[in-house]
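Spelled out, the chains give:
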Amino acid sequence: MEVDEAEFFNRLLDYRNILYLCHRNADPDAVSSAFALSEAIGGTVGLVDGCNRVAAVLIDRLDIEVVDKPNPADYGFVVVVDTSTKAQLNDLELTRYCVIDHHTTTALTENSEFFLHRNSTSTVEIVYNILKAMGAPINRRVGIGMLTGIVTDTGHFKHASADTFRTVSRIIEDSGIEYGEVLDLMAATPQDISMRIAILKAASRIELDRVQDMLIASSHVSSFGGSASSMLINIGADVAFVGTSKGESVRISARAKRDVVSAGVNLGQLMEDIGNEYNGTGGGHSGAAGIDVIGDMKEVLDKCRERTKKILETSLGGTSKEISFEDDIEEFENE
């Protein structure tokens, strides 16, 4: 059953020993949302399977107490935070739980006791409205965490809406923090040499298609697929799909620029549809999404590319063309 912010808070008051569960490789949006709720209502922040580098710095700097790989059976109730698919929880068995999420598609709500879903640019924005509905104060630690969650989940405001900026302004006013404090925290995040190598490998393995002025890139690495797909966007691709595999399990991380989304490509829906075809899971945002399936990585990547090409060909007109890096660039400049 879907509830609003006030009802979400009121329902949580019926439970004791609450676990706020973040998805694997938890990001600042998930961690800070769970932390803010635990500070206001009480409970434990849990990481299904670690967190990313910025979230790790956040946990250390704000001295957030977290439990790694918690057993949901040890808690009275579970609040699943910022998570759209069971695969993001490593298929952890859940019994009594609710969901708070902002992704375009959220499959976990089907078996939840209740859920709160909003099409916001981050889960933090939903949590902020819960805190305001319950009249909870926002201290400096919570404020820094929440603002870091928004900044990272919106790609440093590239995907922000007017509502995003309004919430940021209110968090700063309520908590008394400065935006520069968040920038300093993020700047202190160490660069992972393995991630840098993965990004360079992804760039060297690109397969590229062109539809009008849109470039669709796909590649594969052994890890850091999300970071690699984001970097392919930063260096020139309009849509990027990067695959990683472990045994028969395949994960595709997808990213797209705003112009591609405006042209009709909804990565969240695309990933959900392809995931269903493989009896896997998929979903996310219109501009950032992923799937987890059992299959051949090249086949799945090709399917992602082909579906995207068809959408763009219909929207923009014309046909797609595969680009070889051996071709003379003047061939494309003179078209």
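Residues numbered from 1 in each chain as written. Predicted model: local features only at pLDDT ≥ 70, side-chain atom pairs only at ≥ 80, totals over all residues. Heavy atoms only, no water.

### With respect to the packing of helix H5 (residues 140-153) against helix H6 (residues 162-175)
So, point 1. Between H5 and H6, the least distance of the axes is 9 Å, while the angle of their chain directions is 160°. Comparing the axis directions of H5 and H6 gives the class roughly antiparallel. As for the relative orientation of H5 and H6, their crossing is left-handed in sense. Only Thr164, Thr167, Val168, Ile171, Ile172 and Ser175 of H6 make contact with H5, whose side of the interface consists of Arg140, Gly143, Met146, Leu147 and Ile150.
So, point 2. For the contact of H5 with H6, the class distribution of residues is 6 nonpolar, 4 polar and 1 charged. (Axes fitted to C-alpha atoms, helices over the stretch in contact; angles between N-to-C directions. Helix = DSSP H or I, 4+ residues; strand = E, 2+ residues; numbered from the N terminus. Parallel < 35°, antiparallel > 145°, perpendicular 65-115°, else oblique. Left-handed = near helix turned anticlockwise from the far one by under 90°. Contact = heavy atoms within 4.5 Å. Nonpolar A, V, L, I, M, F, W, Y, C, P; charged D, E, K, R; others polar.)

### Observations regarding the nonpolar core
So, point 1. Of all hydrophobic cores here, the largest spans 54 residues; its most connected members are Phe8, Val79, Ile100 and Met146.
So, point 2. Other than its neighbours up to four places away in sequence, Val79 contacts Phe8, Leu12, Ile18, Leu19, Tyr20, Leu21, Cys98 and Ile100.
So, point 3. Of all hydrophobic cores here, the second largest spans 25 residues; its members include Val239, Ala254, Val265 and Cys304. (Core = buried A, V, L, I, M, F, W, Y, C linked by side-chain atoms within 4.5 Å. Buried < 20%, exposed > 50% of the residue type's maximum accessible area, 1.4 Å probe, protein only.)

### A short note on the UniProt feature "domain: DDH" (unreviewed entry) in the protein
So, point 1. The UniProt record marks residues 18-149 with the feature "domain: DDH" (unreviewed entry), using the residue numbering of this structure.
So, point 2. Between the end C-alpha atoms of residues 18-149 the distance is 22 Å, and the span holds 34% helix and 19% strand. (UniProt positions renumbered as here; feature names shortened; annotations may be inferred.)

### Re the sheet that holds strand E8 (residues 214-220)
Strand pairing in a sheet takes place through backbone hydrogen bonds and is either antiparallel or parallel in direction.
So, point 1. Read from one edge of the open sheet, 7 strands run E11-E12-E10-E9-E8-E7-E13, paired in mixed fashion. In this open sheet, the two edge strands, each paired with only one partner strand, are strand E11 (281-284) and strand E13 (320-323). The mean inter-strand angle of the sheet, taken between neighbouring strand axes irrespective of direction, is 15°.
So, point 2. Of the strands in this sheet, strand E9 (239-246), strand E10 (249-256), E11 and strand E12 (288-294) are in contact with helix H11 (residues 267-277), which crosses E12 at around 5°. (Pairing = 2+ DSSP bridges.)

### Here we look at the pattern of salt bridges
So, point 1. Considering all chains together, one arrives at 21 salt bridges under this definition.
So, point 2. We note a salt bridge from Arg305 to Asp302, for which the minimum N-O separation is 3.4 Å. Residue Arg305 and its partner Asp302 are located together in helix H12 (residues 297-316), separated by 3 residues, close to a single helical turn.
So, point 3. Classification of Arg305 by relative accessible area gives buried; the value is 5%.
So, point 4. Among the charged side chains, a network of salt bridges with common partners joins Glu207, Asp209, Lys298, Asp302, Arg305, Glu306 and Lys309. (Salt bridge = Lys/Arg side-chain N within 4 Å of Asp/Glu carboxyl O.)

### Quick look at H11
So, point 1. Leu267, Gly268, Leu270, Met271, Ile274 and Gly275 are the residues of H11 that are buried. Each buried residue of H11 sits inside an arc of 165° when the element is viewed along its axis, so together they form one side.
So, point 2. With a side-chain oxygen lying 3.1 Å from the backbone nitrogen of Gly268, the N-terminal cap of H11 falls on Asn266.
So, point 3. The first or second residue beyond H11 is Asn279, which carries a positive phi of 55°. (Arc of directions from axis to C-beta. Polar contact = N/O pair within 3.5 Å; in protein donor to acceptor, adjacent residues only side chain to side chain.)

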